[in-house]
Amino acid sequence: MSIAGESATPRAVADFVENHGVDLSWMEDTYQWFHAHPELSNQEKHTAARIEQQLRDMDCELTTGIGGYGMTAVFRNGDGPTVLMRADFDALPVTEATGLPYASTNEGVMHACGHDVHTTSLLGLCTVMNERRDTWSGTFIALFQPAEEITKGASNMIADGLSEKIPHPDLCLGQHILPGPKGQVHTAPGPVLAACDTITVKLFGQSAHGSAPHESIDPTYLAAMIVVRLQGIVGRETPPGEFTVITVGTLSSGHTNNTIPTDATLVLNCRFYNTEIRDQVYAAIERVVRGECAASGCTREPEFTYSAHGELTDNDSGVFDHVRPFMDATFQESSVDSDPWSASEDFSEIPRHLGVPYLFWTFSHTPDEVLESDEPTPGNHHEKFAPAPGASEVGTKAALTAVMSYLFNS
């Protein structure tokens, strides 16, 4: 895709990103407020209000309450491309152990995945786009998404008519913070985050007293056999070079020591970089489960429930080829290739629904002393996950670079 103006050269955009002249000194305090006031998915009332409060002071078309607490801000500035940038803002059910002076004040809830950084970064980008309209033309859309952690936010916004509430974008952009060297930005074409699903399997046996196992169809034994056989799918049915994960996160069965229960439940987490392999593996999972049930003599078929779906994040090569030279110019040696990340995101549901290409990248900003410690570096979802001060500024620089690679005209 080549829709940028002639003056949008990597060097020109990099110079602007470094010298845009907009006061962003408020960002660290805003980030710390978000970090101290985390809210779980679909409960982000106060977070959304804080975002809305800041956007109300800008010259944009603000739409709130999309699919829950989602919102969009549309900045129009004459003719040109339309670019959408998304940030998520929900937190996790994690008890914080960072010891930071701005640690979570909401017991048992923490911004352990960096969504507070993403949100502050996008607000910083909005501020620059609002105040420096002399440097760009086209339409910029900021999308603030709730409920990413339960992979519901994007689909809820789509179901609530997102596409009718915003101008149709030419492309979508998104980013995520990870642990790693300060100020580093990681980009790549193709699959960069895994497709995922949760599969809940209900097994039906026959209860009996623990002293009379011959009178039962033991669902616990059945579940154990299935757990072992599932790894045979990974080890013997998928090509060695294909990334495949089948994790049994939950195995629940029975309540007492002397009763063989009636049923058992397995909850699986599955991840892939190849959707054809995904479909093959899901068919194999159902085949193995049904086969083991038949081997145990079950008289009732197992039940399968698919949930927490996350599409493959598969970056468009054309968008990558366009944006990467701009990232290289802005971040220089800190612009690096990214390896596929086995985590999953619902970001790509938005451009897939809109039928447009997209680019999703990661950036890192871990304190030097943490990286240099002998202890393992806390990663996303860890109780001690804490980016270094200034992480939001890195996120804003990366987002501004990507957006301006299409809209810059000065």
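Refer to the structure above for everything that follows.
Residues numbered from 1 in each chain as written. Predicted model: local features only at pLDDT ≥ 70, side-chain atom pairs only at ≥ 80, totals over all residues. Heavy atoms only, no water.

S.K.: Quick rundown of the layout of surface pockets? Include the residues and the values.
M.R.: The space that makes up the largest pocket amounts to roughly 390 Å³. Those elements that provide at least two residues to the lining of the largest pocket are strand E8 (195-204) and strand E12 (263-272). Broken down by class, the residue content of the lining of the largest pocket amounts to eight nonpolar, nine polar and four charged. If you trace the second largest pocket, you find 20 residues lining it, with Val370, Pro378, Lys384, Phe385 and Ala386 closest to the centre. Elements with a minimum of two residues in the lining of the second largest pocket: strand E5 (171-178) and helix H11 (368-371). Partitioning the lining of the second largest pocket into residue classes produces eleven nonpolar, six polar and three charged. (1 Å grid on protein atoms, 1.4 Å probe; cavity = no way out; pocket = protein on both sides within 12 Å on 5 of 7 lines; lining within 4 Å. Points joined across faces, edges and corners; volume = space filled by probe spheres on them. Helix = DSSP H or I, 4+ residues; strand = E, 2+ residues; numbered from the N terminus. Nonpolar A, V, L, I, M, F, W, Y, C, P; charged D, E, K, R; others polar.)

S.K.: Account for the sheet that holds E8, naming residues and giving values.
M.R.: An order of E10-E12-E8-E13 is seen for the four strands of this open sheet, with the pairing classed as antiparallel. Because the sheet does not close on itself, it has two edges, and the strands there are strand E10 (244-253) and strand E13 (303-310). Within the sheet, the average angular offset between the axes of one strand and its neighbour, ignoring direction, is 20 degrees. Helix-sheet contacts for helix H7 (residues 219-236) involve E8, E10 and E12, and the interaxial angle to E10 is about 175 degrees. In this fold helix H8 (residues 275-296) packs onto E8, E10, E12 and E13, with an angle of close to 10 degrees to the strand it touches most, E8. (Pairing = 2+ DSSP bridges. Axes fitted to C-alpha atoms, helices over the stretch in contact; angles between N-to-C directions. Contact = heavy atoms within 4.5 Å.)

S.K.: So what about unusual backbone geometry? Which residues, and what values?
M.R.: Phi at Ala147 is positive, roughly 55 degrees, even though this residue is not glycine. Tracing the sequence through the fold places Ala147 in the loop between strand E4 (138-145) and helix H5 (153-159). Under the relative-accessibility criterion, Ala147 is labelled buried at 0%. For Thr151, which is not glycine, the phi torsion reads 45 degrees and is therefore positive. (Buried < 20%, exposed > 50% of the residue type's maximum accessible area, 1.4 Å probe, protein only.)

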